[in-house]
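# Structural description and commentary
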Amino acid sequence: ISGVMFKVYGWEIDDVNVIAPSTTSINSIKPADVILYPNPAKETLTVNLSSTKSAKVIMYDVLGKEVFRTETELNQLHIDTKDFLKGMYMLQIEDGNNIITKKIIKE
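For clarity, every value in this text was computed on a predicted model and none was experimentally measured. (Residues numbered from 1 in each chain as written. Predicted model: local features only at pLDDT ≥ 70, side-chain atom pairs only at ≥ 80, totals over all residues. Heavy atoms only, no water.)

### Digging into the overall build of the protein
The condition that has to hold: Counting from the N terminus, the helices are the DSSP runs of H or I reaching at least four residues and the strands are the DSSP runs of E reaching at least two. The buried label applies to any residue whose accessible area, calculated with a 1.4 Å probe on protein chains only, is under 20% of its type's maximum; exposed applies above 50%, and partly exposed to all values in between. Note on definitions: a residue-residue contact is assigned when non-hydrogen atoms from the two residues lie within 4.5 Å. Accessible surface area values rest on a Shrake-Rupley calculation with a 1.4 Å probe, where residue burial reflects the displayed protein chains alone.
Counting secondary structure elements, the protein contains zero helices and nine strands. Every one of the 107 residues in the protein was classed for burial, and the buried ones make up 29%. Once local pairs closer than 6 in sequence are excluded, the contacts in the protein between residues at least 24 apart make up 48%. As presented, the protein carries roughly 7800 Å² of accessible surface, and 54% of it is formed by carbon and sulfur atoms.

Written as structure tokens, this is what we have:
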């Protein structure tokens, strides 16, 4: 876009930047803060969350069916996967500010 975009009280404004307000939180989870092991998992999947106080952890199969859900305030969570079918799953972690999704393989 070129030219004058606005005329306000005799001023011509042709360069406008809109910055949306953002909130930052020390406790927001980031992708690098989530460590999953072992992946591929056989009987137990360990989830380390290094920078959150409270999180929802949900696991979905490849069809989108929820197979596991919990809320935790711990930095480490152990998920029993021995009864899960072999294949790929998606693990979603939500801390209220962010949602992170990781791929899990069940052997």
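### Things to note about the confidence of the model for the protein
The test is simple: pLDDT is a per-residue confidence score from the predictor, ranging from 0 to 100.
For the protein, the average pLDDT comes to 80, and 72% of its residues sit at 70 or higher. For the protein, strand E1 (residues 6-8) is the element with the lowest average pLDDT, namely 52, and strand E6 (residues 66-72) is the one with the highest, namely 95. With pLDDT under 50 throughout, residues 1-6 is counted as low confidence; its partners more than four residues away or in other chains account for ten contacts. Counting interchain partners and residues more than four positions distant, the pLDDT-below-50 stretch residues 15-19 has one contact.

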